[in-house]
Protein chains: 4
Amino acid sequence: MAENLAERFAQTRRQTEWLCEPLETEDYVVQAMPDASPTRWHLAHTTWFFETFVLSRWQPNYRPVSDAYQVLFNSYYNSIGEQFPRAHRGLLTRPTVKEVFEYRHTVDGRMCELLGAATDEELSRVVELGLQHEQQHQELMLTDLKYLLSCNPLLPVYRQSGRRSRLSVEQFRWLKFGGGLTSIGSDGDGFTFDNERPRHQVYLAPFVLADRLVTAGEFLEFIADGGYERPELWLSLGWASKQDLLWQAPLYWRKRGDTWHEFTLGGERVVDLDEPVTHVSYFEAEAFARWSAARLPTEAEWEHAVTGLPIAGSFVEGGALHPAADKSPAPGGLRQAFGEVWQWTQSPYTPYPGYRPPSGALGEYNGKFMCNQYVLRGGSCATPRGHVRATYRNFFPPDARWQFSGIRLARDA
Amino acid sequence: MAENLAERFAQTRRQTEWLCEPLETEDYVVQAMPDASPTRWHLAHTTWFFETFVLSRWQPNYRPVSDAYQVLFNSYYNSIGEQFPRAHRGLLTRPTVKEVFEYRHTVDGRMCELLGAATDEELSRVVELGLQHEQQHQELMLTDLKYLLSCNPLLPVYRQSGRRSRLSVEQFRWLKFGGGLTSIGSDGDGFTFDNERPRHQVYLAPFVLADRLVTAGEFLEFIADGGYERPELWLSLGWASKQDLLWQAPLYWRKRGDTWHEFTLGGERVVDLDEPVTHVSYFEAEAFARWSAARLPTEAEWEHAVTGLPIAGSFVEGGALHPAADKSPAPGGLRQAFGEVWQWTQSPYTPYPGYRPPSGALGEYNGKFMCNQYVLRGGSCATPRGHVRATYRNFFPPDARWQFSGIRLARDA
Amino acid sequence: MAENLAERFAQTRRQTEWLCEPLETEDYVVQAMPDASPTRWHLAHTTWFFETFVLSRWQPNYRPVSDAYQVLFNSYYNSIGEQFPRAHRGLLTRPTVKEVFEYRHTVDGRMCELLGAATDEELSRVVELGLQHEQQHQELMLTDLKYLLSCNPLLPVYRQSGRRSRLSVEQFRWLKFGGGLTSIGSDGDGFTFDNERPRHQVYLAPFVLADRLVTAGEFLEFIADGGYERPELWLSLGWASKQDLLWQAPLYWRKRGDTWHEFTLGGERVVDLDEPVTHVSYFEAEAFARWSAARLPTEAEWEHAVTGLPIAGSFVEGGALHPAADKSPAPGGLRQAFGEVWQWTQSPYTPYPGYRPPSGALGEYNGKFMCNQYVLRGGSCATPRGHVRATYRNFFPPDARWQFSGIRLARDA
Amino acid sequence: MAENLAERFAQTRRQTEWLCEPLETEDYVVQAMPDASPTRWHLAHTTWFFETFVLSRWQPNYRPVSDAYQVLFNSYYNSIGEQFPRAHRGLLTRPTVKEVFEYRHTVDGRMCELLGAATDEELSRVVELGLQHEQQHQELMLTDLKYLLSCNPLLPVYRQSGRRSRLSVEQFRWLKFGGGLTSIGSDGDGFTFDNERPRHQVYLAPFVLADRLVTAGEFLEFIADGGYERPELWLSLGWASKQDLLWQAPLYWRKRGDTWHEFTLGGERVVDLDEPVTHVSYFEAEAFARWSAARLPTEAEWEHAVTGLPIAGSFVEGGALHPAADKSPAPGGLRQAFGEVWQWTQSPYTPYPGYRPPSGALGEYNGKFMCNQYVLRGGSCATPRGHVRATYRNFFPPDARWQFSGIRLARDA
């Protein structure tokens, strides 16, 4: 098992660097908004994670590569020590990008040595957590970068991507689920985050789910019908956000003449009406659902419905870096469950009954963020394949739009 | 029934004015923070409610007392029309307090006429809603006023209240509940708000609840143990609020020399260690629970546990305007369930499965606020007796402290 | 002289209360913006001034009416002690208006006793300063109140005022001044503020001044010519203020249909094109001057030009509370020099060469505000007659608009 | 003359790039505060200046290197067109640093061609302005960079600089000046900015000036005497800034243990007590002067006093990048007049009598900034030698500290 882990370690770390290939040195440095981080910081922080939680613990007399990095690249672990302020990550121009890569490679070397030797189960578990953590940052690197590039009037291209087919998507269908007493969450063997545990019983009333995601074309109808001008469709806080932030369409959409364009990691292009709408906030998703005389699913409904489906979708390795239209013929079962856009649920992010955060600093990973956020499910076109599963809980504040977040509709049966 | 309703109408309206008796004209005018409203505004807004939702609908050719009041005293009903901005309510010095009372009395007169005649069921239902609404504002009048008076270095007294007994409260006990599939919410005959409906099934794991509320003395131990200095006890957002707002103790507590004092509606006095702690935010309640190796109850657990208990407590009519220590001898059942302090639950304020807001403007009463707020249960010493019940859901953002909000502990069984 | 002073003391204090006659209790309490103060506060602060600087010093064993008032009504005198925060003056509802009047009358009684006895020169000087100070607050009471009432959609009337004649003003004329070495400032016997001293020499190049003030009609041409849309007419900071604060016209102007109305202390009415434009910031005055191919006068030019003119104008006692059109036939000399609107000069507010602030707390009266403000000259329709003179220097930040501030044009000869 | 100009053009442009030699690519990109700009932007903007004001006008059919750069690198010239927002300059990672250098070199090539041909006087004048403009940006590049590097806990070194001698500075002496009617400003032949013109008469009362700059040691006495804790020493706005921004010492000073250190472009080192104090705001300079029972000079006094002195000092070419202690033996005349620190004057930045901004876009260079800023004189250790002169007027808001700004004392005679 240790060899397997060493291999997966190397593969995951390489994957992170592969995402950096299209970048210029300048692109690594800037923090375009407080929620986002410079690529340079992601590269260093994921390395710091292994240094802090693995090497410092399992390598006898381990000396960190740099004392300063211990502070600079700690994200939010108060138990570990002081942190450089999050909103100022973009002020740092040193260590340089080159030095950050050297830091990565030094730590990778030491990790290889460690993982080459016999490993115990606890070590494997923490390394696994570190790899999952790195995969989360792989996705953030892309979404943070997309936001950064979109601020530049030159609209730089990250990676060119291919063309789309000319078929249209079909009208969506409602799929029925009977509800009743069921279980969600994980107690199983494979890796899961603490927030997915423990598996527990919930009671569900019967419900229906749309068999596919909401498309850009459907969202355009909402806009055309005054969706952004009618307060009765919105939550009170949502309407306030919309007014303050001047939302008129999903993030990255811009009207040029009569045509909506959107900025993608492949540059700006005309909005494809068949693709899933993305970069919408919870507030927009919720308002769209109300306008549709529907609602968003709860996370329990969603999990119940997708359990057993294969984990297939665009995912980051596909290289499109944009959600794909589903043009397969209907009827079928639930489609686009994974790997296109994160699907907002109506469930606030709360601890499961019986939830216990891990002891020690790793207990700060999830639990302390369980307030004023909503759960998203399913993974996106920027998520590494194999990173998500039916029980996976992502979470963001209801006004966040820079993730690949989209909409699936639900209704009471 | 109509006569009964007319009588209850008169009684509730009188009760509002009774709360104003200790006030100077100046006290009616000021808005001490954006969340609070001037007393003058509460008096006018509750009147506007009856004018808008009852008289305009059931009195043929009704002409409003003033067109300007239609805008000035609309709180947040977009379907009704424009609203004077909430944060500017304190800029209005006209209509004067005297004119506002005249407005009330004119509307009261017309309501009496209307309710004196035969009434239909729909009218009764809306009047009932208006009375419940007025009771909610009675409590807000007191909490807003308390906040206002506390800003004045002269520390004015609203109403003197009596002395306390010298007995001490006993150590709290854990009460066990078996859980299982149960129902919460209301489908019954009596008045309930839309957010309490529909009654629906939930599954509860076994749990325990403390038999009484957390006391000021217990909270002081939390402070003494560095509770406000240890980030590991807090939610991440809670810690940020604490740092930004410089919280070191509950709202209204002030250390003079070595002794903690608190501002009450009866003036400033030494903190009574036996009384329930109050004016704490969700964040403080949650941190206190973690420090106690416990947690807050969910709203379903709370409702399940109190169902069937008598609705007894301090309530506003008692005149103490401060929660009372429970010095009854143990053991007994669950105590202080109602009418002392609103009890924070760990449940975000969300729609119940199958929830439908009423149609029309009254649909704006509850549903649109279901985001980034937490449910509180049980009513307080500022709540009118008879206003709360086991299914009643109050809600405030997690950093709100100016309500009479307190803590009951829970644990997994 | 003492009797004379006692009489003037009584007269000035009465005048302050006369300004309050049209007010409701509610109007005394509210602070409509941080720069303004509640009327209640003005009444108490001017009283505090006599208590602090006169009674405490000349009455043996003087005991203040209230210790709390020493803090509550200190404006900005650090040498005297702590101050209640300026921006929170509107949070105080106690002492009540009635109690504040009682405070005034108690202090007035003690002052009368003191002034009735023999007085020394230093005492007279400080009392005189207190009276001048009170006159400044009389003007602020009106401008603060005007701002407050204008925030109310009911547009309350402070005092009705009379009608205007139907003659038109004539085109203005340029008056020439030769310049050279001259003196400004005061060394004389009558009362002057420290900031008017010492008299000193300045060198002036030849210049011309407009013989009357800029009218509302002329300002309307500036608006019609895109004055608020053309950045090249504005100072950089001025343009930024205009953009941030959404200025499109002078404060209190509102377009109803095609007609400009303005809110006055006599209620809202159609803008009279012949009256001096007022409630413009330095930025607007400066932009208007540039648009007119002219400039604002320096304070030295202004003072040089008006020296020797009679102190005549509308002033507060006239009761119009609005600047009057000058319809006297031309040519004549310089008109509207005093008592209509404060005239912005291009001179930043700086110490005169050789300026020395008084020693002690009264040294905080003027000197510490000499930064980022501009000098205004001439007094306004809200200024007490006899309060201004040729050497008088008023000062406000360049974005202030709530004073009766207007424009006189100048040019290089 | 054209050849001479071409040579000076080449030399000045090279000098800018020489300042970049110690930088990593990452250092060019970040904007550490809204007032500062990324080095990348300075390099591009100074190039844009020549493209816009020279090549576009004198090269027939000139096509700009990039249309996008016309917007991206316009600082504040509304007459030229739209500008990328100043506060967002740090969001741009493209064009890359390499591309910006290519932009420079392309424009340099075209400028060489143009300047190689016969030039007219107007062209020479605009090129001269462009070179002076570039020199101003050379200084800003250093001060912006210093601020950026100081934000990094690693405290990176820009360039190592040499050691200091061990002599001490002598006590300063007061030099007397008779005053009277004199002239300041420029009408001469050499290059001057519009804001230095026209030469005009001013009347000065007799005054004295300190013969050298205030030292760090003297400023330390001010700190030790509670200078940062005593509001009576400060302007009211200055005290508010100090409180808001938590000033306790000059910018870049940090106490480690008992010893004050300061961050310099050569890294952090112990404060040298003999060196001129620098990185103080106008507010600190003014408070220091008051504490010293002195005042700051007016700009007319300063100019009168230094006229005729040689332009000697540290200047940027000296390479120390820090002001030098003056250890020459006294008595002598006025010392440290130029090239150490910019000396705050008490003069607000206003137009000289008869000032006319140039017509066209270049009129936006100076005039529109004449509000709420103070004049500084003399140049600094980061100023190019030959850039300053006796009539040169620099200007910054009174709270600016990131320039090399210091203090010379004055007094009435």
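Calculation criteria
- Residues numbered from 1 in each chain as written.
- Chains lettered and ligands numbered in written order.
- Predicted model: local features only at pLDDT ≥ 70, side-chain atom pairs only at ≥ 80, totals over all residues.
- Heavy atoms only, no water.
- Helix = DSSP H or I, 4+ residues; strand = E, 2+ residues; numbered from the N terminus.
- Buried < 20%, exposed > 50% of the residue type's maximum accessible area, 1.4 Å probe, protein only.
- Contact = heavy atoms within 4.5 Å.
- Areas by Shrake-Rupley, 256 points an atom, 1.4 Å probe, with all protein chains shown as cover.
- Disulfide = S-S within 2.5 Å.
- Least-squares fit on C-alpha atoms with pLDDT ≥ 70 in both.
- Domains from an automatic or database assignment.
- Buried area = accessible area lost by both parts, 1.4 Å probe.
- Salt bridge = Lys/Arg side-chain N within 4 Å of Asp/Glu carboxyl O.
- Polar contact = N/O pair within 3.5 Å; in protein donor to acceptor, adjacent residues only side chain to side chain.
- Nonpolar A, V, L, I, M, F, W, Y, C, P; charged D, E, K, R; others polar.
- Pairing = 2+ DSSP bridges.
- Axes fitted to C-alpha atoms, helices over the stretch in contact; angles between N-to-C directions.
- Parallel < 35°, antiparallel > 145°, perpendicular 65-115°, else oblique.
- Left-handed = near helix turned anticlockwise from the far one by under 90°.

Description of the overall build of chain A
Counting its regular elements, chain A contains nine helices and twelve strands. When the backbone C-alpha atoms are referred to their principal axes, chain A occupies close to 65 × 55 × 40 Å. For chain A, the proportion of its 413 residues judged to be buried stands at 63%. The contacts in chain A between residues at least 6 apart in sequence include a share of 80% that link residues at least 24 apart. With an accessible surface of roughly 15800 Å², chain A has 51% of that area assigned to carbon and sulfur atoms.

Concerning the state of the cysteines
Under the criterion given, the structure shown has zero disulfides over all chains. Here Cys 151 of chain C is not disulfide-linked; the sulfur of Cys 20 of chain C is the nearest cysteine sulfur, at 19 Å. For Cys 371 of chain C, which is in no disulfide, the shortest distance to another cysteine sulfur is to Cys 371 of chain D and amounts to 11 Å. Classification of Cys 371 of chain C as buried rests on a relative accessible area of 3%.

A short note on the relation of the copies chain A and chain B
Mapping chain A onto chain B calls for a screw motion: a turn of 180 degrees about the axis and a shift of 0.0 Å along it, with 0.0 Å RMSD after fitting. Such a combination of turn and shift is consistent with a two-fold rotation axis. The rotation axis passes nearest to the C-alpha of Asn 372 of chain A in chain A, at a distance of 2.5 Å. By residue overlap, the copies meet face to face through one surface: 100% of the interface positions of chain A are interface positions in chain B.

Considerations on unusual backbone geometry
Here the bond from Arg 94 of chain A into Pro 95 of chain A is cis, since omega is -5 degrees, no more than 30 degrees from zero. Here Pro 95 of chain A lies in the loop between helix 3 (67–72) and helix 4 (97–116). A cis amide bond links Arg 197 of chain C with the next residue in sequence, Pro 198 of chain C, at an omega value of -5 degrees. As for its position among the elements, Pro 198 of chain C is in the loop between strand 2 (180–184) and strand 3 (200–204). With a phi angle near 55 degrees, Leu 321 of chain B is a residue other than glycine that sits in the positive phi range.

Observations regarding the domain arrangement of chain A
All names here are of chain A. Entries for chain A in the domain assignment read domain 1 (2–150) and domain 2 (174–412). One C-alpha centre belongs to domain 1, the other to domain 2; they are set 27 Å apart. Facing the 29 residues of domain 1 at the interface are 32 residues of domain 2. In total, domain 1 and domain 2 occlude about 2700 Å² of area from one another, counting both sides; carbon and sulfur atoms represent 65% of this. It is Tyr 76, Glu 139 and Lys 146 that lose the most area in domain 1 upon contact with domain 2, and together they represent 26% of the buried surface on that side. Across the domain 1-domain 2 interface, the total number found is zero salt bridges. The interface formed by domain 1 and domain 2 holds 15 residue pairs in polar contact (both at pLDDT 80 or more) in total. At the level of elements, helix 1 (2–20), helix 2 (39–58) and helix 5 (121–150) are the ones that each hand at least two residues to the side of domain 1 that touches domain 2. No other element matches the 17 residues that helix 5 contributes to the side of domain 1 that touches domain 2.

Looking at the interface of chain D and chain A
Taken together, the 28 residues of chain D in the interface contact 28 residues of chain A. Roughly 2300 Å² is buried in total at the junction of chain D and chain A, and carbon and sulfur atoms are behind 67% of that figure. Together, Glu 26, Leu 91 and Arg 94 of chain D form the three largest contributors to the area buried by chain D at its contact with chain A, with a combined 30%. In this structure, the salt-bridge partner of Asp 27 of chain D is Arg 94 of chain A, at a minimum N-O distance of 2.5 Å. At the junction of chain D with chain A, the criterion picks out eight residue pairs in polar contact (both at pLDDT 80 or more). Every element with two or more residues in the side of chain D that touches chain A is listed here: helix 3 (67–72), helix 4 (97–116) and helix 5 (121–150) of chain D. For the side of chain D that touches chain A, the class distribution of residues is 17 nonpolar, six polar and five charged.

Some thoughts on the sheet that holds strand 6 (residues 259–264) of chain D
Across a sheet, paired strands are connected by hydrogen bonds in the backbone, their directions being either parallel or antiparallel. All names here are of chain D. Pairing is antiparallel across the open sheet formed by three strands, whose spatial order is 5-6-7. The strands lining the two open edges of the sheet, one partner per strand, are strand 5 (253–256) and strand 7 (267–270). On average, each strand axis in the sheet is inclined to that of its neighbour by 35 degrees, with strand direction left out of account.

Focus: the relation of the copies chain D and chain A
Mapping chain D onto chain A leaves a residual RMSD of 0.0 Å; the transformation is a rotation of 180 degrees accompanied by 0.0 Å of translation along its axis. Looking at the interface residues of chain D, 100% of them are also at the interface in chain A, so both copies use one shared face.

Some words on the packing of helix 2 of chain A against helix 4 of chain A
All names here are of chain A. Where helix 2 meets helix 4, the axes come as close as 10 Å, and the angle between the chain directions of the two elements is 30 degrees. The angle between the axes of helix 2 and helix 4 places the two elements in the roughly parallel class. Crossing handedness for the pair helix 2 and helix 4: left-handed. Of helix 4, the residues touching helix 2 (which contributes Arg 40, Leu 43, Ala 44, Thr 46, Thr 47, Trp 48, Phe 50, Glu 51, Val 54, Leu 55 and Trp 58) are Val 97, Val 100, Phe 101, Tyr 103, Arg 104, Val 107, Arg 110, Met 111 and Leu 114. Here the residues of the contact of helix 2 with helix 4 are counted per class, giving 14 nonpolar, two polar and four charged.

Things to note about the environment of Leu 204 of chain A
Residue and element names in this part refer to chain A. For Leu 204, the location among the structural elements is in strand 3 (residues 200–204). Sequence spacing of Leu 204 and Phe 177 is 27 residues, and the spatial spacing of their C-alpha atoms is 9.5 Å. Sequence-distant contacts of Leu 204, that is, excluding residues within four places in its chain, are made with Gly 179, Gly 180, Thr 182, Ala 300, Glu 301 and His 304.

Description of the sheet that holds strand 9 (residues 374–377) of chain A
All names here are of chain A. With mixed pairing, four strands are arranged side by side in an open sheet as 10-9-8-11. At either end of the open sheet lies a strand with only one pairing partner, and these are strand 10 (394–396) and strand 11 (405–406). Sheet topology places strand 8 (residues 342–348) next to strand 9; three bridges connect them, and they run antiparallel. Its bridge partner being in strand 9, Gln 343 is matched across the sheet by Arg 377.

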